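Here are the chains, one letter per residue:
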Amino acid sequence: MDWKFTDDAPIYQQIMNIMKRQIASGELKAGQKLSSVRELALEAGVNPNTMQKALAELEREGLVYSQRTAGRFVAEQGDIREGLQEELMMEYVDEFLEKMMKLGFSVDEVIDLLQKKAEKRQRRQMRMTENERSE
Amino acid sequence: MIQCEHVKKEYGRKTALADFSAEFETGKIIGLLGPNGSGKTTLIKILAGLLTTEEGVVRIDKKPIGVDTKRIVSYLPERPYLSSAFRVKDIIRTFEEFYEDFDKSVAEQMLQSLHIDTKSRIASLSKGNREKVQLVMVMSRRAKVYLLDEPMGGVDPAARDFILKTILNNYNEEACVLISTHLISDVEKILDEVIFIKDGELVLHESVDRIREEEKKSVDALFREVFAC
């Protein structure tokens, strides 16, 4: 796992996001057993209390569950995974929009730009399929 | 676990600690942060029982500083203290004799993972390895309080990681760990709380999460603001 932390948010929230991303991408699978808090803390190089807090929050959100003696597991996903993917998508879009605003583009300009880019992509794809056909 | 109430310490006419009050709980790793000469080492030495105070009350585990507290406090001094003529194994023996809570097997295991031969003399070790040996000894005690004064003082970034992992891997979850350092960005992610100290006075005592949540910046960044010259 890649544990890199930025300066602007609490570390437990960043741990939650990293693990959510792994659940969304399927890197962490439903029913998979998680390492102990101590092991995970050591792996990430963080305080065990911080790791504990992140896992407790993930549990509260229903993404992981614990069994008294057996340890902690990734929850059965179903809609959760879709929800996470959507959440992640919104996050990326927000990030992208913010960057564009900082560069001085308006929302309309960004939409326009995206449209042009999408059309260009489509044309290129069509050209490629045509070329394949003519070969 | 640790209580300081209105602690005052002076060196001649210079005030090292002025009316310092704070409380530290068990199960927490606390960063003691401040510029040079702010009183960090003085505070640690008082808690370790090496300095007495002019005024105020200091208690560890509800007891005044003395023989009882030294038994449960594991202290890493800022400067190297291992005699260079000794071999590593002699130091292990000394620790075993002095401290009931010293776990020899833990120390030997850590040294092995560092590829440090217990037969080598301290003088033959590199500066980084000497610091690691000291930390290994201090962390091999099952203490209730760990006082670490600049544990990463003179080591390279790779060794810093080792030192942080050693602390995380070995501290007793019911213990209280106090780390003084100026390498904040390296240590920040293993801390529960931080204490900012300036001219012997407490400036801030706050949880790292809350600083990041409320200030939207790292402890390191906040420190630079508070102590900007």
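Our structure's up above, just so we're on the same page.
Because the structure is a prediction, the values reported are computed rather than measured. (Residues numbered from 1 in each chain as written. Chains lettered and ligands numbered in written order. Predicted model: local features only at pLDDT ≥ 70, side-chain atom pairs only at ≥ 80, totals over all residues. Heavy atoms only, no water.)

Caption draft 1: Here's a closer look at the sheet that holds strand E5 (residues 63-64) of chain B. Residues and elements named next belong to chain B. Across the sheet, 4 strands lie side by side as E2-E1-E4-E5; this open sheet has antiparallel pairing. Whereas interior strands pair on both sides, the edge strands pair on one side only; in this sheet they are strand E2 (14-24) and E5. Sheet topology places strand E1 (residues 2-11) next to E2; 7 bridges connect them, and they run antiparallel. Paired with Ile2 across the two strands is Phe24, which belongs to E2. Against the sheet, helix H1 (residues 40-48) touches E1, E2 and strand E4 (55-60), its axis set at about 115 degrees to E1. (Pairing = 2+ DSSP bridges. Helix = DSSP H or I, 4+ residues; strand = E, 2+ residues; numbered from the N terminus. Contact = heavy atoms within 4.5 Å. Axes fitted to C-alpha atoms, helices over the stretch in contact; angles between N-to-C directions.)

Caption draft 2: Up close: a positive patch on the surface. Together, Lys117(A), Lys120(A), Arg121(A), Arg123(A), Arg124(A) and Arg127(A) line one region of the surface with positive charge. Of note, Arg123(A) is situated in helix H5 (residues 107-134). (Patch = residues over 30% accessible without salt bridge, like charges linked within 9 Å, V, L, I, M, F, W, Y side chains within 5 Å. Areas by Shrake-Rupley, 256 points an atom, 1.4 Å probe, with all protein chains shown as cover. Salt bridge = Lys/Arg side-chain N within 4 Å of Asp/Glu carboxyl O. Lys, Arg positive; Asp, Glu negative; His and termini not counted. Charge placed at Lys NZ, Arg CZ, Asp CG, Glu CD.)

Caption draft 3: Summary view of the pairing of strand E3 (residues 29-33) of chain B. Residue and element names in this part refer to chain B. Here E3 lies mainly inside the structure; 5 of its 5 residues are buried. The side-chain alternation of E3 yields two buried faces, one formed by Ile29, Gly31 and Leu33 and the other by Ile30 and Leu32. As paired elements, E3 and strand E8 (residues 176-180) share 4 bridges and run parallel to each other. Of the residues in E8, the one forming a bridge with Ile29 is Val177. Sheet analysis places E3 next to strand E9 (residues 193-198), joined by 4 bridges and oriented parallel. Within E9, the position partnered with Leu32 by the bridge is Ile195. (Buried < 20%, exposed > 50% of the residue type's maximum accessible area, 1.4 Å probe, protein only.)

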